[in-house]
Amino acid sequence: MSQSSPQPERPSPCRPRDRRQDLYPDRPGTDDSLDAVPGGAPSPGGPGADAVRASDAEREAVVERLRIASVEGRLTFEELTERSEAAYAAVTRGELDRITDDLPGMGAPGANPAPRQVQRKFSAVMGDCKERIVGRIDGPLEALAVMGDVELDLRGAQVPTGEISISATAVMGDVKIIVPDGVSVVLSGHAFLGDRKVNVREPQRGARVPVVKVTAHAVMGDIKIVDDEHHAPFRRALTDWWRDRDDRRPPR
């Protein structure tokens, strides 16, 4: 009696092929990553968080946790901005977990906010004023340049509210404000025989990122708001190249 040859397995018509594997060929298959569990949680024995895609609600929850960590004094203005941007760009739950893995639970004891920034007004009259602010900003700042230059670096500051307001005036002088990459800049004011410039990378639309509000008045002077990327592009490119070089170097 002849034995019939095995027939090739055919895909089930009631379970279409998962096309996510075509979009991310380097990632593990996702056909069995989620079981019929409320909320889409991974089934027991299934893949870890690196294989589970994050939801918008989970991203917003991480951003809120970062904001609270900033209020507690655990993150600087630059760190808050960078991590918030990374949270919105995260694809999987594992990527979100790595953003906050060095932060304690919300409300944990031991949080010590930075000392309050006492000096609020920075001026230069026929001279220069260059300040890197590392204190806690809980009120508006003021910058005045009269035939001089004022530079304010806000990257190391602590901003519990996630928002900074600055009044900048330049009369035959220059005011330069350095902000972290990814912040939202709101510029108002006027210029007479002068210029007001914002040279920052636009944040992701709809993202809840820190805000810098600048009321700028320039009279025969310039007021510029730049982020870290545009503040020193050559130095930034050199630093990135050196870091990539170290990452590619084989271990000894």
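On a predicted model such as this, the values are computed, not experimentally measured, just so you know. (Residues numbered from 1 in each chain as written. Predicted model: local features only at pLDDT ≥ 70, side-chain atom pairs only at ≥ 80, totals over all residues. Heavy atoms only, no water.)

**As for the nonpolar core**
Going by this rule: We define a nonpolar core as any set of buried Ala, Val, Leu, Ile, Met, Phe, Trp, Tyr and Cys residues linked to one another through side-chain atoms lying within 4.5 Å. Only protein chains enter the accessibility calculation, which uses a 1.4 Å probe. A residue is then buried if its area is under 20% of the maximum for its type, exposed if over 50%, and partly exposed in between. Secondary structure is summarised from DSSP: a helix means a run of H or I of at least four residues, a strand means a run of E of at least two, and numbering begins at the N terminus for each. By definition, residues are in contact when any of their heavy atoms lie within 4.5 Å.
One finds Val 150, Leu 154 and Val 175 to be the most contacted residues of the largest nonpolar core, which totals 30 residues. Elements with a minimum of two residues in this core: strand 1 (121-125), strand 3 (141-146), strand 4 (149-153), strand 5 (163-171), strand 6 (174-179), strand 9 (211-219) and strand 10 (222-227). Apart from the residues lying within four places of it in its own chain, the contact partners of Val 150 are Phe 122, Ser 123, Ala 124, Cys 129, Ala 143, Leu 144, Ala 145, Asp 174, Val 175 and Lys 176. Listed in part, the 15 residues of the second largest apolar core include Val 63, Leu 80, Ala 87 and Ala 90.

**Observations regarding the side chain of Asp 153**
Worth spelling out the cut-off: Polar contact criterion, stated in full: a pair of N or O atoms within 3.5 Å, where within protein one must be able to donate a hydrogen and the other to accept it, and residues adjacent in sequence count only if both atoms are side-chain atoms.
Structurally, the position occupied by Asp 153 is in strand 4. With relative accessibility at 6%, the residue Asp 153 sits in the buried group. A polar side-chain atom of Asp 153 sits 2.7 Å from a polar atom in the side chain of Arg 132. Not counting chain neighbours up to four residues away, the residues in contact with Asp 153 comprise Glu 131, Arg 132, Ile 133 and Ile 178.

**Comments concerning the confidence of the model for the chain**
Here is the rule: Confidence per residue, as judged by the predictor, is encoded in pLDDT with a range of 0 to 100.
Looking at the chain as a whole, its pLDDT mean stands at 77, while 68% of the residues score no less than 70. No element of the chain has a lower mean pLDDT than helix 1 (residues 20-23), which averages 39, and none a higher one than strand 3, which averages 96. Segment residues 1-45: pLDDT under 50, and 33 contacts once partners within four positions in sequence are set aside and those in other chains are kept.

**Describing the pairing of strand 10**
Formally: Pairing between strands is defined by DSSP: at least two bridges between the two strands are required.
Where strand 6 meets strand 10, six bridges bridge the pair, whose relative direction is parallel. Across the sheet, Lys 176 pairs through a bridge with Lys 224, a residue of strand 10. Two elements, strand 8 (residues 195-199) and strand 10, share five bridges in a ladder whose sense is parallel. Residue pairing for strand 10: Arg 196 is matched across the bridge by Ile 223.

**As for a negative patch on the surface**
The line we're drawing: For patches, a residue must show more than 30% relative accessible area and have no salt bridge; joins then use 9 Å for like charges and 5 Å for nonpolar side chains, namely Val, Leu, Ile, Met, Phe, Trp and Tyr. For every accessible area listed, the method is Shrake-Rupley and the probe measures 1.4 Å; residues are considered covered only by the protein chains on display. Here, a salt bridge means any side-chain nitrogen of Lys or Arg that lies within 4 Å of a carboxyl oxygen of Asp or Glu. The charge count includes Lys and Arg as positive and Asp and Glu as negative, but it does not include His or the ends of the chains. Charged groups are reduced to one reference atom each: NZ for lysine, CZ for arginine, CG for aspartic acid, CD for glutamic acid.
A contiguous patch of negative charge, built from Asp 128, Asp 149, Asp 174 and Asp 222, is present on the exposed surface. With respect to the helices and strands, Asp 149 occurs in strand 4.

**Focus on the environment of Glu 85**
With respect to the secondary-structure elements, Glu 85 resides in helix 3 (residues 77-89). Setting aside residues no more than four positions away along its own chain, Glu 85 makes contact with Asp 181, Gly 182 and Arg 201.

**Re the pattern of salt bridges**
Under the criterion given, the structure shown has 14 salt bridges. The residue Asp 102 makes a salt bridge to Arg 83 at a minimum N-O spacing of 2.8 Å. Note that Asp 102 is positioned in the loop between helix 4 (93-100) and strand 1 and Arg 83 in helix 3, a separation of 19 residues in sequence. Overall, Arg 83 belongs to the buried group, its relative accessible area being 18%. With its nearest N and O atoms 3.9 Å apart, the salt bridge here joins Glu 151 to Lys 130. In this pair, Glu 151 sits in strand 4 while Lys 130 sits in strand 2 (residues 128-132), placing the two residues 21 residues apart along the sequence. Classification of Glu 151 by relative accessible area gives buried; the value is 18%. Residue class for Lys 130 comes out exposed when judged on its relative accessible area of 67%. If you follow the salt bridges from partner to partner, you end up with Glu 60, Glu 64, Arg 67 and Arg 208 in one network.

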